[in-house]
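A structural walkthrough
If you want the building blocks of each chain, they are given just below.
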Amino acid sequence: MAATVDDAMPATLQNILDQKSLKWIFCGGKGGVGKTTTSCALAVQLAQVRESVLLISTDPAHNLSDAFGQKFGRQATLVNTFDNLYAMEIDPTSSMQEMIEQSEQQGGAMAPLMQDLASAIPGVDEAMGFAEIMKLVKSMEYSVVVFDTAPTGHTLRFLNFPSVLEKALAKFSNFGRSLGPMFSQVQGMLGGGGGAQEDMFAKLESMRAVITEVNSQFKDADKTTFICVCIAEFLSLYETERLIQELTQYEIDTHAIVCNQLLFPPPGSTCEHCRVRMGMQSKYLNEMSELYAEDFNIVRVPLLTEEVRGPEKLRSFSVRAY
């Protein structure tokens, strides 16, 4: 028998709501553990204490539209019933291909070079998409940005994009300086101009400046934090440990774990399934406490009897759970 929200343990994410200096908040973990519900509920709470909040899904599955019952896309859209909460769903893999296609349309001289470099540097296509997102987000100047990320492996690549980009853009710039005159001469002989290449390198350099700044902010605990979302099962706990170790390696602050889908049967319950399941969950909760209790705020959230969908249900859930 599933519990109600009132049965949850008292730990909350209030410290994150109170930290007004935070600019970037990530929610991530294994697939199917409730990352979208967590990020949506957190964004709803932040909207009560911040001037403006942007919620971004970088998960190709894109569940924000389902969670709020409203269609979102690549443009930031005001969430229904809110006046300061916006949401968008983006595909981080699309921007590199768009730049290659744009180069082909403008004369094509740079397209083969960019294609070769994209193939030579793993993850650069997604990293370029990340840079485009960051440029867009920074121009909007929201008070805080919440990322609903893809499952763990993709999220770790996402967080490593700044360093990937710095290497990639340095290569692009070096090639541009050495080969740019040659491309200009070739295009001149063919009757074309070199403006497209100059525009392309200018765009890449602007990306580099943005990503360098963002990389610095991601490693600043006053500006960035990562919330690990999990359930009380072995594989989820294993991925949470892997995620925490990687975040430490990337120098990204993390001090909160949300454990979803917990059973809290009422006193006197005779449900055998609940008893066995609760025993298993208690085992992993104890392990979690031994590993993280000193350094992490562990938020325990119960399994609910209905889906948390729509603005009103997310408001109610967020107030009680976080």
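Under the annotation held in an unreviewed UniProt entry, the protein carries the name Arsenite-transporting ATPase and is attributed to Malassezia cuniculi. For the record of the protein, the UniProt heading Subunit (unreviewed entry) holds the text "Homodimer." Check the Sequence similarities (unreviewed entry) section of the UniProt entry for the protein; it says "Belongs to the arsA ATPase family."

**Considering the UniProt feature "binding site: ATP" (unreviewed entry) in the protein**
Here, UniProt's "binding site: ATP" (unreviewed entry) annotation points to Lys30, Gly31, Gly32, Val33, Gly34, Lys35, Thr36, Thr37, Glu233 and Asn260. Residue position: lysine 30 is located in the loop between strand E1 (24-28) and helix H2 (35-49). Mapped onto the fold, threonine 36 is located in helix H2. When its relative accessible area of 13% is taken as the criterion, threonine 36 is described as buried. Beyond its immediate stretch of four places on either side in the chain, threonine 36 contacts Asn63, Leu64, Ala67 and Asp148.

**Observations regarding the pattern of salt bridges**
What the rule picks out here adds up to six salt bridges. Residues aspartate 220 and lysine 223 are paired through a salt bridge, measuring 3.6 Å at the closest nitrogen-oxygen approach. Judged by its relative accessible area of 26%, aspartate 220 is partly exposed. The class of lysine 223 is partly exposed, set by a relative accessible area of 31%. Where arginine 277 meets glutamate 233, a salt bridge forms, and the shortest distance between an N and an O atom there is 2.5 Å. Here glutamate 233 lies in the loop between strand E6 (224-231) and helix H9 (234-249) and arginine 277 lies in helix H10 (residues 272-292), a separation of 44 residues in the sequence.

**With respect to the nonpolar core**
If you look at the biggest cluster of nonpolar residues, it comprises 38 residues, and the most contacted ones within it are Leu13, Ile25, Phe68, Leu85, Ile227 and Tyr322. The biggest single contributor to this core is H2, with seven residues. Not counting residues within four places of it along the chain, the set of residues in contact with leucine 13 comprises Leu42, Ile227, Ala256, Val258, Asn297, Val299 and Tyr322. Counting residues in hydrophobic clusters, the runner-up holds 36 residues, among them Leu237, Leu247, Tyr250 and Ile257.

**Topic: unusual backbone geometry**
Non-glycine residue threonine 81 carries a positive phi angle of around 75 degrees. Inspection of the secondary structure puts threonine 81 in the loop between strand E3 (77-78) and strand E4 (85-89). Although it is not a glycine, glutamate 251 adopts a positive phi angle of roughly 65 degrees. Relative to the assigned elements, glutamate 251 resides in the loop between H9 and strand E7 (256-262).

**What about the pairing of E1?**
In the case of a regular strand, side chains alternate between the two sheet surfaces. Counting buried residues along E1, five of its five residues qualify, which places the element largely inside the surrounding structure. Sheet topology note: the E1/E6 ladder contains five bridges and is parallel. By the bridge assignment, phenylalanine 26 is partnered in E6 with phenylalanine 226.

**Re the side chain of glutamate 89**
Looking at the element boundaries, glutamate 89 is found in strand E4. Buried and unpaired, glutamate 89 has no salt bridge, with lysine 71 as the nearest side chain of opposite charge at 4.9 Å. At 3.0 Å, the side chain of glutamate 89 and the backbone nitrogen of serine 65 are in polar contact. Setting aside anything within four residues of it in sequence, one finds glutamate 89 in contact with Ser57, His62, Asn63, Leu64, Ser65, Phe72, Gly73 and Arg74.

**Details of the pairing of strand E5 (residues 144-148)**
For E5, the buried fraction is high: five of the five residues fall into the buried class. Side chains Val144, Val146 and Asp148 of E5 all project onto a buried face; the interleaved residues Val145 and Phe147 project onto the opposite face, where all are buried too. As judged from the four bridges shared by E1 and E5, these two strands associate in the parallel manner. Across the sheet, residue tryptophan 24 finds its bridge partner in E5, namely valine 145. When strand E2 (residues 53-57) meets E5, the two strands line up parallel, connected through five bridges.

**Re the packing of H2 against helix H11 (residues 311-321)**
Across the interface, H2 lies against H11 with an axial gap of 9 Å and an inter-helix angle of 85 degrees. Taken together, the axes of H2 and H11 are roughly perpendicular relative to one another. Contacts between H2 and H11 involve Thr37, Cys40, Ala41, Val44 and Gln45 from the former and Leu314, Arg315, Phe317, Ser318 and Val319 from the latter. The residue inventory of the contact of H2 with H11, partitioned by class, reads six nonpolar, three polar and one charged.

Analysis parameters
- Residues numbered from 1 in each chain as written.
- Predicted model: local features only at pLDDT ≥ 70, side-chain atom pairs only at ≥ 80, totals over all residues.
- Heavy atoms only, no water.
- UniProt positions renumbered as here; feature names shortened; annotations may be inferred.
- Helix = DSSP H or I, 4+ residues; strand = E, 2+ residues; numbered from the N terminus.
- Buried < 20%, exposed > 50% of the residue type's maximum accessible area, 1.4 Å probe, protein only.
- Contact = heavy atoms within 4.5 Å.
- Salt bridge = Lys/Arg side-chain N within 4 Å of Asp/Glu carboxyl O.
- Core = buried A, V, L, I, M, F, W, Y, C linked by side-chain atoms within 4.5 Å.
- Pairing = 2+ DSSP bridges.
- Lys, Arg positive; Asp, Glu negative; His and termini not counted.
- Polar contact = N/O pair within 3.5 Å; in protein donor to acceptor, adjacent residues only side chain to side chain.
- Axes fitted to C-alpha atoms, helices over the stretch in contact; angles between N-to-C directions.
- Parallel < 35°, antiparallel > 145°, perpendicular 65-115°, else oblique.
- Nonpolar A, V, L, I, M, F, W, Y, C, P; charged D, E, K, R; others polar.

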